[in-house]
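# Analysis of the macromolecular model
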Amino acid sequence: MGKEKYEESSSDEEVNSSSDVVEASSDEEVESSSDEVEASSDDVESSEDESSSDNEKVEESDSSEDEVAPRNTVGDIPLVEWHKDEEHIGYDIKGRKIKKQPRKDKLASFIEGADDPKNWRKIYDEYNDEEIELTKDEIKIIQRVISGRTPHAEVNPYEDYVDWFEYEDKGHPLSNAPEPKRRFIPSKWEQKRVANLVRKIRAGLIKVSDQNKEEEHNVYSLWTDDTDSVENKKRGGYVPAPKPKLPGHEEAYNPPVEYIPTAEEINSYELMYEEDRPKFIPRRYLNYRSVPAYDKGVKESFDRCLDQYLCPRTRKKRINIDPESLKPKLPSRKDLRPYPTTCYLEYRGHMGPVNCISVDPSGQWLASGSTDGTARVWEIETGRCLKIWEVGEVARQICWNPSPDRPILAVVLEYDVLLLNSGMGDIDIQTKMKELLHISEPGATEDAGDSKSAVTWIQHEKHDGIRMKHFKAVSSIEWHFKGDYFTTVVPSGDSKAILLHQLSKKHSETPFRKLGIPVTAVFHPSKKKFFVATKKFVHVYDLSKVEKIQKLETGVREISSISIHPGGENIIVGSKEGKMCWFDLELSTRPYKTLKVHSKDITRVTFHRTYPLFASASDDCTAYVFHSTVYSDLNQNPLIVPLEILRGHKPEHGRGVLDCKYHPRQPWLFTAGADSIIKLYCH
Amino acid sequence: MPPKHYRAPGKKKEGNAAKYITRTKATKYLQVSLNTFRKLCILKGIFPRVPKKKFEGNHKTYYSLKDITFLAHEPLLEKLRHKRAHEKKVKKAKARKNKELAERLLNRMPTYKLDRLILERYPTFVDALRDLDDCLTMVHLFASLPAVEGERIQVKRIHNCRRLSHEWQAFISRTHSLRKTFISVKGIYYQAEVQGQKITWLTPHALQQVLTDDVDFNIMLTFLEFYETLLGFVNFKLYNSINVKYPPILDPRLEALAAELYALFRYVATGSTRKPAENQSISSTEEKKDSDEKMDTCVNESDLQLAQLQHQLPSNEPGALMQLLEDSNNDDDDVDQDTIECKTLFKNLKFFLSREVPREALLFIIPAFGGVVSWEGEGTPFEETDEDIAYQIVDRPTQGHKFLSRHYVQPQWVFDCVNARIILPADAYMVGMVPPPHLSPFVDDEAEGYMPEYAETIKQLQATAKKNVMPLPDLDNQDLADPQNLIADGVMDRTQANEAAEERRKLQLLEKQYHDELKMEMSGITYSATLSNKKSENSGSEEMQHKDEVVVPVSTEKNDEDDRAKLYMSRKKRGLYEAIEISNQRKKDKVALLKERKRKASASKSG
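Thresholds applied
- Residues numbered from 1 in each chain as written.
- Chains lettered and ligands numbered in written order.
- Predicted model: local features only at pLDDT ≥ 70, side-chain atom pairs only at ≥ 80, totals over all residues.
- Heavy atoms only, no water.
- Helix = DSSP H or I, 4+ residues; strand = E, 2+ residues; numbered from the N terminus.
- Buried < 20%, exposed > 50% of the residue type's maximum accessible area, 1.4 Å probe, protein only.
- Areas by Shrake-Rupley, 256 points an atom, 1.4 Å probe, with all protein chains shown as cover.
- Pairing = 2+ DSSP bridges.
- Salt bridge = Lys/Arg side-chain N within 4 Å of Asp/Glu carboxyl O.
- Axes fitted to C-alpha atoms, helices over the stretch in contact; angles between N-to-C directions.
- Parallel < 35°, antiparallel > 145°, perpendicular 65-115°, else oblique.
- Contact = heavy atoms within 4.5 Å.
- Nonpolar A, V, L, I, M, F, W, Y, C, P; charged D, E, K, R; others polar.
- Expected span 1.5 Å × (residues − 1).
- Phe/Tyr/Trp six-rings, centres within 6.5 Å; stacked < 30°, edge-to-face > 60°.
- Lys NZ or Arg CZ within 6 Å of the ring centre and 35° of its normal.
- Buried area = accessible area lost by both parts, 1.4 Å probe.
- Polar contact = N/O pair within 3.5 Å; in protein donor to acceptor, adjacent residues only side chain to side chain.
- Patch = residues over 30% accessible without salt bridge, like charges linked within 9 Å, V, L, I, M, F, W, Y side chains within 5 Å.
- Core = buried A, V, L, I, M, F, W, Y, C linked by side-chain atoms within 4.5 Å.
- pLDDT = per-residue confidence, 0-100.

### Thoughts on the overall build of chain A
In terms of regular secondary structure, chain A is built from 14 helices and 33 strands. Within chain A, the fraction of its 683 residues that count as buried is 41%. Per element, the accessible surface of chain A, about 40,200 Å² overall, is 51% carbon and sulfur.

The structure is reproduced here in structure tokens:
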């Protein structure tokens, strides 16, 4: 209670701060305190007042506990122990004893407490030996403290912070030392530095920013007369950027109508690949004012920049040549006449593609074999079909015997080779032929141990000839120029692939072993040489020694046919990819010339026996006629001139011309087509 | 055995590896970033090469090692390094909020000059002129970009580009060296001939340009930096060659009216005619003072200003004017026939540009061909009401008030006249009409194999103009238009007559052919047989029209001949031959397509 009062009074005093008011307030205090405390003398109270007033004057703390001076002054001693037997509890500020209050017995105090409703807020102060009744405010304070809040409700713990001092713009001298002299005189070093800068600016070493701006237009005559003449050449290898393409009519704002693509064409551009699509589509504006800004202008300029610094540059020779000048200078065709040029005769009669033809050495008769199972003989000059043999199988190859007194035809069927008497010539020859083509005892030929299983010579009853039965399919046949020997090729025959036969003795043998898969084999026209073409190579054998002399590398994918120049030193090889190789045996084992002639397989190449001509026939329905002069001078290379392209055959099942042969004496060419026609081309 | 590409230690590289270096290695070698390297390459004009063998792979860029060592010795490299260091300082200062220091450093940014580089790249002036195409195109493009602060390009540079382009145009116009012009969709192409070099450049249309995002302006600006400097020096040299001070000082009043080009013209003209016209200037100024007090400040003489004078002076003193004109003519010695031709094309003709017409282009072209031009606005040489105006260039559907004394033509007329080098009849270019097709002067029609119809008419006009020598306009410049008009009319009549004759001849030929064919059919000759006959016939006859008809059906004989020759060619030659054939065929196809379209178009028009 008392403390509260003090507080109140102290607050008053703070406001008024006059001693008179202090007196008056202290009087009130006395009255109020006398109510509570019975045994308190006036002196004590007055002294209390003084002390409290003193306190208040010195300190201005707001903690109420500190400012109230306790009545007892004994200090912090164990009161209960020391003053247990004494009558006083201690001494007041003036040294007088403070007497103990008379002890109430428990009953009395209980009754008192039970009567008094305020009993619960009374507490006993042992130190001062009195009972204190807490006011409502004090209770509140206690409750707030218990609940952990600030004791006084009116106190705002989070008040805005107000600085106690104004420190900004206030000197805060750390030192009281007097200002030094150097603060009052100009700096020597600064002066030096400035002088240095001034000197530099004057010398032009430092440029003041304003000067820079003035010098924007410093252009001068860069190219003087002496720079033009000086050896001031560009470094080597400088390539100037190519100039951009100049615009054509189509880029005009108003191009001629023909330069503007139609709507369908523009639509078709959409279907193109992005790269192929035209970059610029011409448009027509009817007047200049309607031309809009070009939206790709900046982009194109940028692209040009990129090209200039990113694109590698090289000097490239722009070839501006007349295509005609590329063509080789060939001798005139007129000088190389005669050669076959136009179709003169057609031999019709075969019912299927004519696989093979052959011309009689006398030049009167033409033999042909076809897929329709017949072999025929024609009279060349009239086109009359003289003879027909029904061989019953596909005639793969047909070949006249080159000897004029042996008019024998060799026809290759699937497994058989038929040697037929053509029936030409006078009676003497006919009788000879009948003898020759007669096999008396069937087993006579079987004395050759190796070939007995490979070939069997049998008399053919129906056509009055010889039937040679091979063990596997035969692909080609070729006579020796004397007409007694001939060779057949059995591609799948392994070591017995090449067979040599002697007609007079009806004897066969297989002198060559270990080849690849042979395609065809031919005799040398005059010497004892033998050529075997495998898939990619041509092997040259010496027949007398039976050994390999040369191996020609054609470089083509697959050989289809081969022909020997009548001189014997040059051969041509036709391949299935349409290439033709000319070999000069004395020059090299590689082709002297490779001609890409046909677009499809070459079926046959052939030399003329007397004229300097050769020809090739192909499945692309054409036959080419070439001129070829072979010089006797070894230093001179053969001259090959393409002369004529012969057309006329029609394609049938993807095949065109199947065979071609020259006439033995005239510059005429026979071609056999898949359209079952044989044609004769004359000069 | 050592590996295939083994090189003994200490042995130098050989072959391509010694001659070329990849880009990555080059940047490492120079110790620069890729951006700096790019900048250096652009400024020094160094470009990638194609080594014979790409020893480090196909996808890499190779530079010549010599070029790179050349770069390594470049002082600019050091300058760029300084600049980078300086930029770092500025950045640091800014980061420390030391505004003052940053500003000071920014003001003292190290600069470099490109003049030495230009001399190095173009040792002679002709070299520079030869490479000026890209430079001019770029500068003109940037001159047309919006000069807006905050865009990616500094306003200062755009203004500089504008200045440079105007200076260039003024020079070309003054020396009458413009040769060809062409309005394309992309802009206007000009071709000038300076010191024997043909210089072609493109200016965008005078419309707002589109700045796209897929463009790296850093690269373009680096190029521009070089081009600006180059064009500055070139202009200096050119201006010096005609005795005009460079950089020009312009009349600020005209500059303010956005007629810089005109101001430049006046300046250039003044400069070059100063000496010979000195004595004249005194007398004429006196006259002017007499006649008019409020004549504006420019007192100097020029043939352009003569128009003004003429407007204000009464026409009783044509003598003085003519003398002036002669003076300005005599002062430069023209050796070139072409220049004289260009100079006199629009001579003594007055043009007036309407508001809607692209002023800058025409203001450049017409004086370049000797014409006098004015436009609507302040500070113009003469007004629209001037009686002497021969042609008014308009580009609007209808014309309100018409002066009978002048032609109203569309802008294309000027361009076509310039390309044809004759004054074309203005009838087809009248207001509101669809003008005849605009043809590119850069195409050689004969080489291309197709001549558009209008090109033929122009050719005929040219031929007729050459035959009857252009009657020079009389001294009395009262009716200038009339003689021109007469010529044009005459020319027009002749062309029409020619065309009619041509038509008749063609018809006759067709008829004859038809009859012949009928006869042949009657007699039973096959088509292929006729072909050979026809060939011989045609070779005898002189008619050119039949030529393509004969060529189109390919005779097998000819083919055979080709095949025969082709057989004997080596593979390489055959490939080349075939490639040439293909390209020729492509050309033919193109021409055939054009003809087909033309035929269809004319058919639809008539039908």
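Once you've had a look at it, read on.
### Details of the pairing of strand β24 (residues 570-575) of chain A
Residues and elements named next belong to chain A. Of all six residues that make up β24, six are buried, and the element is covered over most of its length. Burial of β24 is two-sided: the residues N570, I572 and G574 facing one way and the residues I571, V573 and S575 facing the other way are all buried. Alignment of strand β23 (residues 559-564) against β24, held across five bridges, turns out to be antiparallel. Residue I562 lies in a different strand from β24, and its bridge partner there is V573. Relative to strand β25 (residues 579-584), β24 runs antiparallel, the two being bridged by five bridges. Looking at β25, one finds that V573 is bridged to C581. Adjacent in sequence and paired antiparallel, β24 and β25 are bridged by three residues, among which G578 carries a positive phi angle near 90°.

### Let's talk about the pattern of salt bridges
Overall, the coordinates contain 44 salt bridges over all chains when judged by the stated rule. We note a salt bridge from E414(A) to R396(A), for which the minimum N-O separation is 3.3 Å. With E414(A) in the loop between β11 (408-412) and β12 (416-421) and R396(A) in the loop between β9 (385-390) and β10 (397-400), this residue pair connects regions lying 18 residues apart in the sequence. On the basis of relative accessible area, E414(A) is assigned to the partly exposed category, the value being 29%. E596(B) is the partner of R599(B) in a salt bridge, and the nearest nitrogen-oxygen pair spans 2.8 Å.

### Quick look at the packing of helix α10 (residues 155-175) of chain B against helix α18 (residues 359-368) of chain B
Residues and elements named next belong to chain B. Interhelical geometry of α10 versus α18 gives an angle of 25° and a closest axis separation of 8 Å. As the angle between them shows, α10 and α18 are arranged roughly parallel. Along the contact surface, α10 presents H166, Q169, I172 and S173, while α18 presents E360, F364, P367 and A368. Along the lines of polarity and charge, the residues of the contact of α10 with α18 split into four nonpolar, three polar and one charged.

### So, helix α5 (residues 75-95) of chain B
Residue and element names in this part refer to chain B. If you check α5, its first and last C-alpha atoms are 31 Å apart, about what 21 residues at 1.5 Å a residue would give, namely 30 Å. For α5, the full list of buried residues reads L76, L77, L80, K83, H86, V90 and A93. Looking at the buried residues of α5, the elements they touch are α2 (23-30), α3 (34-44), α4 (65-72), α6 (99-107) and α7 (115-121). The positive-phi residue at the C-terminal boundary of α5 is K97, with phi of around 60°.

### What about helix α7 (residues 136-146) of chain A?
Regarding α7(A), the residues found buried are E138(A), I139(A) and R144(A). Of the residues flanking the end of α7(A), it is G148(A), one or two places downstream, whose phi is positive at about 85°.

### So, the pairing of strand β13 (residues 455-460) of chain A
For a regular strand, side chains alternate in direction, first toward one face of the sheet and then toward the other. All names here are of chain A. Of the pairings in the sheet, the one linking β13 to strand β14 (residues 465-470) comprises six bridges and is antiparallel in character. Paired with I458 across the strands is R467, a residue of β14. In textbook terms, the turn of a hairpin is the stretch between consecutive antiparallel strands, and for β13 and β14 this stretch comprises four residues, one of which, D464, has a positive phi near 60°.

### Considerations on the sheet that holds strand β7 (residues 365-370) of chain A
Residues and elements named next belong to chain A. Strand order in the open sheet formed by four strands is β6-β7-β8-β9, with antiparallel pairing between adjacent strands. A single partner strand is all that each edge strand has here, and the edge strands are β6 (354-359) and β9. Taken pair by pair, the neighbouring strands of this sheet meet at an average axis angle of 15°, ignoring direction. One ladder, built from five bridges, connects strand β8 (residues 374-379) with β9; its direction is antiparallel. Within β9, the residue paired with T374 across the bridge is E390.

### Quick look at the packing of aromatic side chains
Tallied over the entire structure, the rule returns 38 aromatic pairs over all chains. Taking the centre distance of 6.1 Å and the plane angle of 25° together, the rings of F346(B) and W413(B) count as stacked. Taken together, the residues F346(B) in the loop between α17 (337-343) and β6 (350-353) and W413(B) in helix α19 (residues 411-420) connect sequence positions 67 residues apart. The buried category is assigned to F346(B), whose relative accessible area is 0%. Through a chain of ring-to-ring contacts, three or more aromatic side chains come together here, namely W582(A), F607(A), F614(A), Y624(A) and F626(A). Directly above the aromatic system of F471(A) lies the positively charged group of K496(A), at a separation of 6.0 Å from the ring centroid.

### Examining the sheet that holds β23(A)
All names here are of chain A. Sheet architecture is open: four strands sit in the order β23-β24-β25-β26, paired in antiparallel fashion. Every interior strand has two partners, whereas the edge strands, β23 and β26 (593-596), have only one. Taken pair by pair, the neighbouring strands of this sheet meet at an average axis angle of 15°, ignoring direction. One ladder, built from four bridges, connects β25 with β26; its direction is antiparallel. Following the sheet pairing, M580 is matched in β26 by L595.

### Quick notes on the interface of chain A and chain B
Every contact between the two is made by 89 residues of chain A and, on the other side, 108 residues of chain B. Of the roughly 8,900 Å² buried between chain A and chain B, counting both surfaces, carbon and sulfur atoms make up 62%. By the criterion of area lost to chain B, the three top residues of chain A are W223(A), Y288(A) and Y309(A), representing 11% of everything that side buries. Between chain A and chain B we count seven salt bridges in total. The closest approach of N and O atoms between R597(B) and E265(A), which form a salt bridge, is 3.1 Å. Summed over the shared surface of chain A and chain B, the result is 24 residue pairs in polar contact (both at pLDDT 80 or more). For the side of chain A that touches chain B, the elements supplying multiple residues, two or more each, are α9 (209-214), α10 (225-229), α11 (263-271), α12 (297-310), α13 (323-326), β26, β29 (623-629) and β30 (639-646) of chain A. The element that contributes the greatest number of residues to the side of chain A that touches chain B is α12(A), accounting for eleven residues.

### Some thoughts on a nonpolar patch on the surface
Residue and element names in this part refer to chain A. Where nonpolar side chains cluster on the molecular surface, the patch consists of L107, F110 and I111 and spans about 340 Å² of accessible area. Its place among the elements puts F110 in helix α6 (residues 106-115). By relative accessible area, F110 is classed as exposed at 58%.

### Notes on the nonpolar core
One finds W168(B), F346(B) and W413(B) to be the most contacted residues of the largest nonpolar core, which totals 126 residues. The greatest single-element share of this core, amounting to 15 residues, is contributed by helix α11 (residues 217-241) of chain B. Setting aside its immediate chain neighbours within four residues, W168(B) contacts L132(B), L136(B), H140(B), V194(B), I199(B), W201(B), L231(B), V234(B), N235(B) and L238(B). Residues L419(A), A454(A), M468(A) and V474(A) belong to the second largest nonpolar core, which totals 23 residues.

### Structural notes on the environment of C399(A)
Residue and element names in this part refer to chain A. With respect to the helices and strands, C399 occurs in strand β10. Between the alpha carbons of C399 and S368 there is a distance of 8.8 Å; along the sequence they are 31 residues apart. When sequence neighbours within four positions are dropped, the list of residues in contact with C399 reads S358, I408, L409, A410, I477 and W479.

### A few points about the confidence of the model for chain A
When pLDDT is averaged along chain A, the result is 80; 84% of the residues meet or exceed 70. In the model, residues 1-64 of chain A has pLDDT below 50 throughout and makes 52 contacts with residues more than four positions away in sequence or in other chains.

### Description of the confidence of the model for chain B
Detailed reading of predicted coordinates is not advised where the pLDDT is low. All names here are of chain B. For chain B, per-residue confidence averages 76 on the pLDDT scale, and 72% of positions sit at 70 or higher. Confidence drops under a pLDDT of 50 for residues 273-332, and excluding neighbours within four residues, the segment shows 63 contacts in the predicted structure. Taken together, the stretch residues 525-554 has pLDDT below 50 and engages in 19 contacts with residues farther than four places along the chain or on a different chain. With pTM at 0.62, the complex prediction returns an ipTM value of 0.76.

### Re the side chain of S561(A)
Residue and element names in this part refer to chain A. Its place among the elements puts S561 in strand β23. Classification of S561 by relative accessible area gives buried; the value is 3%. Side-chain polar atoms of S561 contact the backbone nitrogen of V605, separated by 3.0 Å. For S561, the contacting residues outside a window of four places in its chain are T520, I572, V573, G574, T603, R604 and V605.

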